[in-house]
Structure formats: structure tokens, C-alpha cells
Amino acid sequence: MIESGRVIRRDLTPEEIQILLDHPECVMFEPWKAMNPSFRFSLMRFVVVAAISLMLVIGAMLLLPESMQAFQPFVIAGALILFAALIVVSPLLTMARENREMKNAEDDHYRDQLKKLLPQKLKMKLFVVDWMVVEKAEGGYYDETGKEQWFGYVRTRNYFPINKGDELVIIYEEEYKKDQFYGFVKKTPETMSLYDPEQS
């Protein structure tokens, strides 16, 4: 156990990065950037298909007015019913697929998302948590200069509890880089090398 106010910083070894990839349940991180943004594209596909269908019906009515005249009321009614059905069914099918994808990702501890987001070069900090604000999903510690350092985990998944007085490892791509990857590593037998101060 390291003492409060001491922060160990170092690069992770390739072996340690592989451990994290093999045990995604130990990494609390934000997977959203790697999630499939299919909902927006599905809605766009629906709009395109609906627009093309309407244009075909209108074009057929204009180009073949005599042959379409007898069927015009049925064609218009059928087109409107099909259009209304697409409006209702398409978002429901898209939401059902996204819910299934989200459930599969959760059951797999966001393994695929971690593989996509985890950089090849990764740094870490090991420190003792000096305070927690659980309601805000925030915590912090004092560094070697006595300066307060904060961390937050409000949008993360693979949640594990963090308590005042716990040792904690934060992994990150590059300090102070905007939109960088960062995460928290749970202390388990698999991740003990990250919690070993002698590894620094």
C-alpha cells in the first residue's frame, strides 16, 4: 500500500495492455465513441427509401395518367399506408436492434469497444484516493506538491466502487490531451502488476 500524496506514474508494458484487453471487466471506461451509430444512419436510410417510393408513385401517376386513373385512389391510399407504416416500424426496429447490440456489449463488458479505443501506448497513475463525492461520481487525490487532482467517472461502464483510502490506477493516453482515452483499473489478481509500486 502506497501512502497518500505519492503518485506513481509510468508507461504500461505491452503485456499489461494485453491483460486489460483479456479482462475488460477490470476496466471502467467510456465506450460510447466506439459504439455503432446505426440509429442515425437507419433513419437516414428510411427517409431516402420513403422519398424514392413517393417519387416513383408520383412519377408513375404523371407518366401513365390514363392507365393509372382507375387505380389512382388505391395507389394513393396504399402509398400513404406504406409511408405511415415505415414511419412507425423503422424507428421501432432500429431501437430494438440498438437495444440488442447494447445488451450484447454490456454482457461482454464492452470488450470490442475497449479493443477499438485502447491505444498501443498507454500511461498510468497509481495513487491513494483522498476524497470521494459519490453523488457526482467524482473523486480526487493530492499529488506530491499537495495540489488537488480530480477525476470523474459519470459516463463510464464496467462500474466498480471506489472508496476513500483505496489505491486506484487511472490509465490514459496522454495527460491533458483533449478527448483522450482514460479509464480506471479494478484491483484484481489479474491486474496486480499495475498496483505494484516496485514496477515503476
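Predicted, not measured: the structure shown is a model, and the values here were computed from it. (Residues numbered from 1 in each chain as written. Predicted model: local features only at pLDDT ≥ 70, side-chain atom pairs only at ≥ 80, totals over all residues. Heavy atoms only, no water.)

Visitor: Please provide a residue-by-residue account of the overall build of the protein, values included.
Guide: Across its full length, the protein carries five helices and eight strands. N-terminal to C-terminal, the α/β element order of the protein is β-α-β-α-α-α-α-β-β-β-β-β-β. For the protein, buried positions account for 35% of its 200 residues. Sequence-distant contacts, at least 24 apart, represent 71% of the contacts inside the protein between residues at least 6 apart. Carbon and sulfur atoms make up 61% of the accessible area of the protein, which totals about 12600 Å². (Helix = DSSP H or I, 4+ residues; strand = E, 2+ residues; numbered from the N terminus. Buried < 20%, exposed > 50% of the residue type's maximum accessible area, 1.4 Å probe, protein only. Contact = heavy atoms within 4.5 Å. Areas by Shrake-Rupley, 256 points an atom, 1.4 Å probe, with all protein chains shown as cover.)

Visitor: Go over the sheet that holds strand 1 (residues 8-11) with me, naming the residues and quoting the values.
Guide: Pairing between sheet strands relies on hydrogen bonds along the backbone, with the strands arranged either parallel or antiparallel. Taking strand neighbours across the sheet as the criterion, the five strands line up as 1-3-7-8-2 in an open arrangement whose pairing is antiparallel. What marks the edges here is a single partner per strand, and that holds for strand 1 and strand 2 (27-29). Sheet twist, expressed as the mean angle between neighbouring strand axes with direction ignored, is 25 degrees. As paired elements, strand 1 and strand 3 (residues 123-128) share four bridges and run antiparallel to each other. Within strand 3, the position partnered with arginine 10 by the bridge is methionine 124. (Pairing = 2+ DSSP bridges. Axes fitted to C-alpha atoms, helices over the stretch in contact; angles between N-to-C directions.)

Visitor: So what about the pattern of salt bridges? Which residues, and what values?
Guide: Applying the stated criterion across every chain, the model contains seven salt bridges. A salt bridge links arginine 9 to glutamate 144, with the shortest nitrogen-to-oxygen separation between them at 3.0 Å. Of this pair, arginine 9 sits in strand 1 while glutamate 144 sits in the loop between strand 5 (138-142) and strand 6 (148-152), and the two are 135 residues apart along the sequence. Between aspartate 107 and lysine 103 there is a salt bridge, and its shortest N-O distance comes to 3.0 Å. (Salt bridge = Lys/Arg side-chain N within 4 Å of Asp/Glu carboxyl O.)

Visitor: Pulling in residues and values, what's your account of the side chain of threonine 156?
Guide: As for its position among the elements, threonine 156 is in the loop between strand 6 and strand 7 (167-172). For threonine 156, a relative accessible area of 6% puts it in the buried group. Dropping the residues within four chain positions of it, threonine 156 is found in contact with Met28, Phe29, Glu30 and Phe184.

Visitor: Help me get a handle on the confidence of the model for the protein, residues and values and all.
Guide: Averaged over every residue, the pLDDT of the protein is 85; the share at 70 or more is 78%. Across the protein, the secondary-structure element scoring lowest on mean pLDDT is helix 3 (residues 65-69), at 60, and the one scoring highest is strand 2, at 98. (pLDDT = per-residue confidence, 0-100.)

Visitor: An account of the nonpolar core is needed here, citing residue identities and associated values.
Guide: Soluble globular proteins tend to bury their nonpolar side chains together. In terms of nonpolar packing, the biggest core is built from 38 residues, with Leu118, Phe151, Ile162, Leu168 and Ile171 touching the most fellow members. Of all the secondary structure elements, the ones that give two or more residues to this core are helix 1 (14-22), strand 2, strand 3, strand 7 and strand 8 (182-185). For this core, the element with the highest residue contribution is strand 7, accounting for five residues. With residues near it in sequence (within four places) discarded, isoleucine 162 still touches Met28, Val129, Met132, Phe151, Tyr153 and Leu168. (Core = buried A, V, L, I, M, F, W, Y, C linked by side-chain atoms within 4.5 Å.)

Visitor: Any details on a nonpolar patch on the surface? Residues and values, ideally.
Guide: Together, Val88, Val89, Leu92, Leu93 and Met95 give the surface a local cluster of nonpolar side chains, amounting to about 460 Å² of exposed area. Along the polypeptide, leucine 92 turns up in helix 4 (residues 72-107). (Patch = residues over 30% accessible without salt bridge, like charges linked within 9 Å, V, L, I, M, F, W, Y side chains within 5 Å.)

Visitor: For the packing of aromatic side chains, give the residues involved together with the corresponding values.
Guide: Tallied over the entire structure, the rule returns ten aromatic pairs. Residues tyrosine 153 and phenylalanine 184 carry aromatic rings whose centres are separated by 6.3 Å and whose planes lie at 80 degrees to one another, so their mutual orientation is edge-to-face. On the criterion of sequence distance, the pair formed by tyrosine 153 in the loop between strand 6 and strand 7 and phenylalanine 184 in strand 8 is long-range, its members being 31 residues apart. Using a relative accessible area of 6% as the deciding quantity, one classes tyrosine 153 as buried. A relative accessible area of 0% means that phenylalanine 184 is categorised as buried. Among the aromatic side chains, those forming a connected cluster through ring pairs are Phe127, Tyr141, Phe151, Tyr153, Tyr159, Tyr182 and Phe184. Above the ring of tyrosine 172, the side-chain terminus of lysine 125 is found at 5.5 Å from the ring centroid. (Phe/Tyr/Trp six-rings, centres within 6.5 Å; stacked < 30°, edge-to-face > 60°. Lys NZ or Arg CZ within 6 Å of the ring centre and 35° of its normal.)

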